[in-house]
Amino acid sequence: MRIKAELEHPAQAIASAFLRALADDDAAGVFARLSRQTRGLLEGLHAARSGVPLHEAAGGLGAVVAPLRSSALAVLGGPERVGRFGVSGARIVDRDTAYVLLIPEVEREGLITEGEWRPAHLIAFVHESREWLVDLGRTSALSADAGLPDPLGIIR
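Anyway, here's the lowdown on the structure attached to this text. Predicted, not measured: the structure shown is a model, and the values here were computed from it. Starting afresh in each chain, residues are numbered from 1 along the sequence in its written order. Only residues with pLDDT of at least 70 get local features here, since the model is predicted, and only at 80 or more are side-chain atom pairs given and counted; chain-wide, interface and lining totals rely on the full set of residues. Each side-chain value is derived from all of the structure's non-hydrogen atoms; neither hydrogens nor water enter the calculation.

### Side note on helix H6 (residues 136-146)
Alright, step 1. Think of it in three bands: residues with accessible area under 20% of the maximum for their type are buried, residues over 50% are exposed, and the middle band is partly exposed, with areas taken using a 1.4 Å probe on protein chains only. Strands here are runs of E lasting at least two residues and helices are runs of H or I lasting at least four, both read from the DSSP assignment and numbered beginning at the N terminus. Among all positions in H6, only Leu 136, Thr 139, Leu 142 and Ser 143 are buried. Down the axis, H6 shows its buried residues gathered within 140 degrees of arc, on one side only. H6 presents Ala 144 and Asp 145 as exposed residues on the side facing more than 90 degrees away from its buried surface.
Alright, step 2. Residues count as neighbours in contact if any of their non-hydrogen atoms are within 4.5 Å of one another. For H6, the secondary structure elements touched by its buried residues are helix H3 (36-50), helix H4 (61-76), strand E3 (90-94), strand E4 (97-103), strand E5 (121-128) and strand E6 (131-134).
Alright, step 3. Between N or O atoms, a polar contact is any pair within 3.5 Å; within protein, one atom must be a potential hydrogen donor and the other a potential acceptor, and residues adjacent in sequence are included only when both atoms are from side chains. Sitting at the head of H6, Asp 135 places a side-chain oxygen 3.3 Å from the backbone nitrogen of Gly 137.
Alright, step 4. A positive backbone phi angle near 70 degrees is found at Gly 147, which sits one or two residues after H6. Summarising the geometry, the arc corresponds to the directions from the helix axis toward the C-beta atoms.

Shown next as structure tokens:
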């Protein structure tokens, strides 16, 4: 499989905003950047845990997003460390799937040398409704394929 790299792709900004929303405990910001499938999985998990009907599960976004946020922050090292990850140019898997690599401890702007470039995680996106959105399943699968730990962790 040939992966095409794009240095300017919407997934880069979305990944940065998603990470910032996780660190800032901005449930609406996290939820807005999730794929429909991922939203559904989190809503179903919340409904099952709280005993509310599924159609009412999205009402409290904080509670819906909390397991994802908790898991991701545990893997990524907490809210203070999340802001130190650099986001690579996007890799295009196919017309509906892309991912970015997270480079740890990037505290300055600009390009880093190849020796400094060691990805720690990746975040995968699916293209739906004319937007690139973070997808839990694709992130997990592509992370496993790349031999990287899933940045979203095990959601309990």
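### Considerations on unusual backbone geometry
Alright, step 1. In this structure, Asp 25 takes a positive phi of about 55 degrees despite not being glycine.
Alright, step 2. The residue Asp 25 is located in the loop between helix H1 (10-23) and helix H2 (27-32) in this model.
Alright, step 3. Given a relative accessible area of 52%, Asp 25 falls into the exposed group.
Alright, step 4. Within the chain, Arg 130 stands out as a residue other than glycine whose phi angle is a positive 65 degrees.
Alright, step 5. Along the chain, the position of Arg 130 falls in the loop between E5 and E6.

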